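What follows is each chain in one-letter form.
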Amino acid sequence: MGEEQNASFSRWSLSDGWCRWPIKKYGLTVDNTIDARMVDVNGKFLDRKLMGEDLFWAINGGEGGGGSFGVVLAYKIKLVEVPETVTVFRVSRTLEENATDIVHRWQHVAPKLPDEIFIRTTMEVVNGTVSSQKTVRATFLALFLGDASTLLSILNRRLP
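Presented here is an overview of the structure given in this document. In this text the structure is predicted, and so the values were computed from the model without any measurement.

Some words on a nonpolar patch on the surface
- Taken together, the side chains of V80, V82, V86 and V88 present a nonpolar region at the surface, about 300 Å² in accessible area.
- Structurally, V86 is set in the loop between β3 (70-77) and β4 (87-94).

Have a look at this one:
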């Protein structure tokens, strides 16, 4: 898990933090939030029932301004069972290293992968590997709910 320099736990972990990785299998973390306790701007203590569904979803929306409504004191989140072994990997390739073809293949294969595999890609401008000219680097970040040999077997069949 990474570090977060801001006090907004809800924004980081419920909307755009590491908790969202197994979304194909379990949904978003916000989908698994059962209840929340907060103090609203008037100093009133509220739980999900007292705040109502609109405010409950607003405070779970991360970038949607949850901090504008008060201070969340606690969340009750449904936990999900994951296997004992979880595999992660990161692969980066530049345009000179065939990133275009890899991204093209990934676009077609990723939606058809089993729900236990989550792969996302990011792209950024970097200094080239062959020269000092700028190029694009694609980075693939993956999480698999299982061991590395099973993951490799699936990927070898799906990503020739």
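Here we look at the environment of K112
- One can find K112 in the loop between α4 (99-109) and β5 (117-127).
- By relative accessible area, K112 is classed as exposed at 62%.

Structural notes on the sheet that holds β4
- The sheet built from 3 strands is open, its strands ordered β4-β6-β5 with antiparallel pairing. The outermost strands of the open sheet, each flanked by one partner alone, are β4 and β5. Pairwise comparison of adjacent strand axes, ignoring direction, gives a mean angle of 15° for this sheet.
- Bridge count between β5 and strand β6 (residues 134-144): 11 bridges; the pairing is antiparallel. Pairing of I117 across the sheet is with F144, part of β6.
- Of the strands in this sheet, β4, β5 and β6 touch α4, which is tilted by about 35° from β6.

Considering the sheet that holds strand β2 (residues 45-46)
- With antiparallel pairing, 3 strands are arranged side by side in an open sheet as β2-β1-β3. Looking along the sheet, the strands with just one partner apiece sit at the ends: β2 and β3.
- Two elements, strand β1 (residues 33-40) and β2, share 2 bridges in a ladder whose sense is antiparallel. Directly across from M38, in β2, lies its bridge partner L46.
- Sheet contacts for helix α3 (residues 48-59): β1, β2 and β3; angle to β1, the most-contacted strand, approximately 100°.

Here is what the cut-offs are and how they apply
- Residues numbered from 1 in each chain as written.
- Predicted model: local features only at pLDDT ≥ 70, side-chain atom pairs only at ≥ 80, totals over all residues.
- Heavy atoms only, no water.
- Patch = residues over 30% accessible without salt bridge, like charges linked within 9 Å, V, L, I, M, F, W, Y side chains within 5 Å.
- Areas by Shrake-Rupley, 256 points an atom, 1.4 Å probe, with all protein chains shown as cover.
- Salt bridge = Lys/Arg side-chain N within 4 Å of Asp/Glu carboxyl O.
- Helix = DSSP H or I, 4+ residues; strand = E, 2+ residues; numbered from the N terminus.
- Buried < 20%, exposed > 50% of the residue type's maximum accessible area, 1.4 Å probe, protein only.
- Pairing = 2+ DSSP bridges.
- Axes fitted to C-alpha atoms, helices over the stretch in contact; angles between N-to-C directions.
- Contact = heavy atoms within 4.5 Å.

The values are spatial; any link to function lies outside them.
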